[in-house]
Amino acid sequence: MHDLVIFDCDGVLVDSEPLSNQVMVANLARHGLSLTADECHRIFTGKTMPEVQDIARGLGADLPENWIAEFDAETDTHLRQGVPLVPGISELLTLLDERRVPFCVASNGGPDKMRVTLGQNGLWDRFKDVMFSAYTLGVGKPDPTMFLTAAKQFGASRPVVIEDSASGVTAAIRANMRCLAYAPHGGGEDLAQLGAEVITDMAEVPALLGI
């Protein structure tokens, strides 16, 4: 049985991706780069904010030096208005607790953002001490360092990662970890090609983990 479950945050624990994507589209439009929501999702999902900034500038956006702080503040304002949990997550976490399977979160997002999204859903206390962030580690997915650091801290020999982005799946595969890719709205084929096992419902996870 797996001895650690590593969750991504946005799109896996909380359904924050659509809202963050809307903020990104509007923000970039103000800075001279017009993208559709689908284009924005395809180009930026799973990237660290410095990577997003570099890519956006490469596509023609005229971003100020403090753009990351500006975007984070805008996103924070919108996220505080309410972000739902991904369906089935509460039940899955309860089952992991009952089976005494440790879990943590590993995200390219910052701790402040996770405090907002997880805090309003009652998950902050469950994850605040088992949180791994690209902001604090200094390196993000698709580099495997975050996952390897989490596994080392827990002393885990058979961790499993639950992700929803290409960069996250790539990081898991590079770390030689099993990866379940959550793709509830389709598009899982690309993640499967990267080496993930695609799921469309969190209710599928227990059977796959043998719990």
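Anything mentioned here points back to the structure above.
### Overview of the overall build of the protein chain
- Across its full length, the protein chain carries twelve helices and six strands.
- By the compact-globule yardstick of 17 Å for 211 residues, the protein chain fits well, its C-alpha radius of gyration being 17 Å.
- Considered along the principal axes of its C-alpha atoms, the protein chain spans approximately 50 × 35 × 30 Å.
- In the protein chain, which comprises 211 residues, the proportion classed as buried is 49%.
- Element-wise, carbon and sulfur atoms account for 50% of the exposed surface of the protein chain, whose accessible area totals about 9,800 Å².
- Across the protein chain, the mean location of the 16 positive side-chain charges is 6 Å away from that of the 29 negative side-chain charges.

### Remarks on the environment of tyrosine 182
- Along the chain, the position of tyrosine 182 falls in strand β5 (residues 178–182).
- Through-space distance from the C-alpha of tyrosine 182 to that of valine 198 is 6.1 Å; in sequence the pair is 16 residues apart.
- Leave out the neighbours within four places in its chain, and tyrosine 182 touches Gly11, Val86, Pro87, Glu163, Asp164, Ile199, Thr200, Asp201 and Met202.

### Description of the layout of surface pockets
- There is about 820 Å³ of room inside the largest pocket.
- Lining of the largest pocket is provided by 26 residues; of these, His41, Thr45, Asp164, Gly186 and Gly187 occupy positions nearest its centre.
- Of all the secondary-structure elements, those providing two or more residues to the lining of the largest pocket are α1 (17–30), α2 (37–44), α10 (166–174) and α11 (188–193).
- The element that contributes the greatest number of residues to the lining of the largest pocket is α2, accounting for four residues.
- Residues that form the lining of the largest pocket fall into these classes: nine nonpolar, nine polar and eight charged.

### Observations regarding the packing of helix α3 (residues 49–58) against helix α4 (residues 67–79)
- Two elements in contact, α3 and α4, have axes whose closest approach is 10 Å; the angle formed by their N-to-C orientations is 110°. Taken together, the axes of α3 and α4 lie roughly perpendicular to each other. The crossing of α3 and α4 is right-handed. Judged by residue contacts, Met49, Pro50, Val52 and Gln53 of α3 engage Trp67, Ile68, Phe71 and Asp72 from α4.

### What about the pattern of salt bridges?
- This model, assessed by the stated rule, comprises ten salt bridges.
- In this structure, arginine 126 engages aspartate 97 in a salt bridge whose closest nitrogen and oxygen atoms are separated by 2.4 Å. With arginine 126 in helix α7 (residues 124–127) and aspartate 97 in helix α5 (residues 89–98), the pair connects residues that are 29 residues apart, well separated along the chain.
- By relative accessible area, which is 40% here, aspartate 97 ends up partly exposed.
- Aspartate 125 is the salt-bridge partner of lysine 128, the closest N and O atoms lying 3.5 Å from each other.
- Through salt bridges with shared partners, a single network forms among Asp8, Lys141 and Glu163.

### Notes on the nonpolar core
- Formed by 53 residues in total, the largest nonpolar core has its most connected members in Phe7, Leu118, Phe127 and Met202.
- Residue contacts for methionine 202: discarding those within four places in its chain leaves Val12, Val86, Pro87, Gly88, Ile89, Leu92, Ile162 and Tyr182.
- Leu33, Met49, Ala56 and Ile68 belong to the second-largest nonpolar core, a separate cluster that totals 16 residues.

### Let's talk about the pairing of strand β1 (residues 4–7)
- Alternating positions in β1 separate into two faces, Leu4 and Ile6 on one and Val5 and Phe7 on the other, with burial throughout.
- Sheet topology places β1 next to strand β4 (residues 159–163); four bridges connect them, and they run parallel. If you follow valine 5 over to β4, its bridge partner there is valine 160.
- One ladder, built from three bridges, connects β1 with strand β2 (residues 103–107); its direction is parallel. By the bridge assignment for β2, valine 5 is matched with phenylalanine 103.

Quick notes on the rules
Residues numbered from 1 in each chain as written. Predicted model: local features only at pLDDT ≥ 70, side-chain atom pairs only at ≥ 80, totals over all residues. Heavy atoms only, no water. Helix = DSSP H or I, 4+ residues; strand = E, 2+ residues; numbered from the N terminus. Rg over C-alpha atoms; globule rule 2.2 N^0.38 Å. Buried < 20%, exposed > 50% of the residue type's maximum accessible area, 1.4 Å probe, protein only. Areas by Shrake-Rupley, 256 points an atom, 1.4 Å probe, with all protein chains shown as cover. Lys, Arg positive; Asp, Glu negative; His and termini not counted. Charge placed at Lys NZ, Arg CZ, Asp CG, Glu CD. Contact = heavy atoms within 4.5 Å. 1 Å grid on protein atoms, 1.4 Å probe; cavity = no way out; pocket = protein on both sides within 12 Å on 5 of 7 lines; lining within 4 Å. Points joined across faces, edges and corners; volume = space filled by probe spheres on them. Nonpolar A, V, L, I, M, F, W, Y, C, P; charged D, E, K, R; others polar. Axes fitted to C-alpha atoms, helices over the stretch in contact; angles between N-to-C directions. Parallel < 35°, antiparallel > 145°, perpendicular 65-115°, else oblique. Left-handed = near helix turned anticlockwise from the far one by under 90°. Salt bridge = Lys/Arg side-chain N within 4 Å of Asp/Glu carboxyl O. Core = buried A, V, L, I, M, F, W, Y, C linked by side-chain atoms within 4.5 Å. Pairing = 2+ DSSP bridges.

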